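Results of the structural survey
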Amino acid sequence: MSAPPAALGAALRPEWPLDPAVTYLNHGGYGVTPNAVLQEQEVWRRRIERNPTHFFAEELPGLLRQAAAALAGHLGVRGEDVVFVDNATTGCNAVLRALDFVPGDEILITSLAYGAIAKAARHVASRGGARLVEAEIPLPVADDAAIIAAVAARLGPRTRLAIFDHVASHSALVLPVADLARLARGAGARVLIDGAHAPGLVPLDPAATGADWYVGNCHKWLMAPRGCGFLWAEPPLQRLIHPLAISHGYGAGFTAEFDWTGTRDPTPFLALPAALAFHRRLGGEALMARNTVLARAAARGLAEGWRTGLGGPESSFAAMATVRLPLAGEASPERALALRRRLADEHRIEVAVNAESGALWLRLAVQAYNEPADYQRLAGLW
Ligand SMILES: Cc1ncc(COP(=O)(O)O)c(C=O)c1O
């Protein structure tokens, strides 16, 4: 990798294939893969096609473990405790669907949970005759104590599993996951942390969160090619879970089961070390800190100008922050979608708009290619 860039922001934008006509403020949505990482992925694609039989049979098992070791090194955990999954949805489903629930059991989630994972939890609960319990946490959130109190109120002796988002999707709040995990484990529940947004957004050590299972995406903030998620599990808990697709590795252990789930494109995993190097070159932790400062300032500036407010305390936001739109009336998902489309079509601004707690919120995301002027474009629109 080349030398660190002299400055972040618009000057760096050509390092991504982003449309120059669009102000892109939704890095958190699907990630954006840098050109350098796409090139690395293409090198792997070409290498596979030279002799797929040799590659899959002889080379891939070792290469996957090397890539997992690189990720584990980045996270500060052991390589053998980390497996790749296609995305956070797959990783969370692998845990949820491998566990058995019986009538009387409860699965606890919060109202900040990602909708798809809440649906998966509902499915698994209903399949076992168990109950899905939701801790209500309306926006704006006052502080971490409010989140902890809401969860504590819904935890009980029947809670078998608690699911906490590390960085909640619609609200962008960084949850106090270590406190929540301690609380849930103290009540006798297992803990799954959905860290879809966390890697590359906040400094992360999955083991230190106190989770039993931690799922993350590398294709969002770590800038790996799309389709690169991981699952970390405490060694004694690894044998409890299985991939969604049971394959040749069944019964041979955690890494054997997850490393082969049928023929698929392994290039997002193999290009991950290049993405980690790219993230490091842009500053690593310093980049995350810079993005955090910029996201908080952008959200504060808009909220002051619009005389609205943020989705939570500024200190609870990292590289994404939510600000309430100065719009009265209906706050439905349909209106949020119409607004997102209008911003994209009429103003060429791509930004997430969500309806939550009876209001409409913009979720601002900040990545290395963004700069303050990007967010100032929004100020004049209302
Ligand atoms: C908290 C959370 N969980 C899960 C997901 C799903 O991620 P993916 O679509 O990569 O599976 C997201 C997506 O943004 C998310 O924010």
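Bear in mind that the values here come from a model prediction, so they are computed numbers and not experimental data.

1. Details of the overall build of the chain
Counting its secondary structure elements, the chain contains 14 helices and twelve strands. What you see for the chain is a C-alpha radius of gyration of 21 Å, in line with the 21 Å of a compact globule of 382 residues. With the principal axes as the frame, the chain shows a C-alpha extent of 60 × 55 × 35 Å. Counting every position in the chain, which comprises 382 residues, the buried fraction comes to 54%. Restricting the contact set of the chain to residue pairs at least 6 apart, pairs at least 24 apart contribute 70%. For the chain, the exposed surface amounts to about 15,600 Å²; the carbon and sulfur share of it is 52%. Here the chain holds 36 positive side-chain charges and 37 negative ones, and the gap between their average locations is 2 Å.

2. Thoughts on the pattern of salt bridges
Under the counting rule described, the total for this entry stands at 18 salt bridges. When the shortest N-O distance is used, the salt bridge between R45 and D265 registers 3.8 Å. One end of the pair, R45, is in helix 2 (residues 35-50); the other, D265, is in the loop between helix 9 (254-259) and helix 10 (267-270), with 220 residues separating them in the sequence. For R45, a relative accessible area of 34% puts it in the partly exposed group.

3. Observations concerning the layout of surface pockets
Approximately 780 Å³ is the volume attributed to the largest pocket. Along the walls of the largest pocket sit 32 residues, with G29, Y30, Y114, S169 and R363 positioned nearest its centre. Elements supplying a minimum of two residues to the lining of the largest pocket: helix 1 (27-30), helix 4 (88-98), helix 13 (333-347) and strand 11 (352-356). Looking at side-chain class alone, the lining of the largest pocket contains twelve nonpolar, twelve polar and eight charged residues. Each of two domains, domain 1 (10-25 + 283-379) and domain 2 (42-277), supplies a minimum of three residues to the lining of the largest pocket. Taken as a whole, the second largest pocket holds about 230 Å³ of empty space.

4. What about the side chain of T159?
Within the secondary structure, T159 sits in strand 5 (residues 159-165). Among the residues examined, T159 registers a relative accessible area of 1% and is labelled buried. A distance of 2.8 Å separates the side chain of T159 from the backbone nitrogen of G156, its partner in a polar contact. Not counting residues up to four positions away in its chain, the partners in contact with T159 are E106, L108, R154, G188 and A189.

Cut-off values and rules
- Residues numbered from 1 in each chain as written.
- Predicted model: local features only at pLDDT ≥ 70, side-chain atom pairs only at ≥ 80, totals over all residues.
- Heavy atoms only, no water.
- Helix = DSSP H or I, 4+ residues; strand = E, 2+ residues; numbered from the N terminus.
- Rg over C-alpha atoms; globule rule 2.2 N^0.38 Å.
- Buried < 20%, exposed > 50% of the residue type's maximum accessible area, 1.4 Å probe, protein only.
- Contact = heavy atoms within 4.5 Å.
- Areas by Shrake-Rupley, 256 points an atom, 1.4 Å probe, with all protein chains shown as cover.
- Lys, Arg positive; Asp, Glu negative; His and termini not counted.
- Charge placed at Lys NZ, Arg CZ, Asp CG, Glu CD.
- Salt bridge = Lys/Arg side-chain N within 4 Å of Asp/Glu carboxyl O.
- 1 Å grid on protein atoms, 1.4 Å probe; cavity = no way out; pocket = protein on both sides within 12 Å on 5 of 7 lines; lining within 4 Å.
- Points joined across faces, edges and corners; volume = space filled by probe spheres on them.
- Nonpolar A, V, L, I, M, F, W, Y, C, P; charged D, E, K, R; others polar.
- Domains from an automatic or database assignment.
- Polar contact = N/O pair within 3.5 Å; in protein donor to acceptor, adjacent residues only side chain to side chain.

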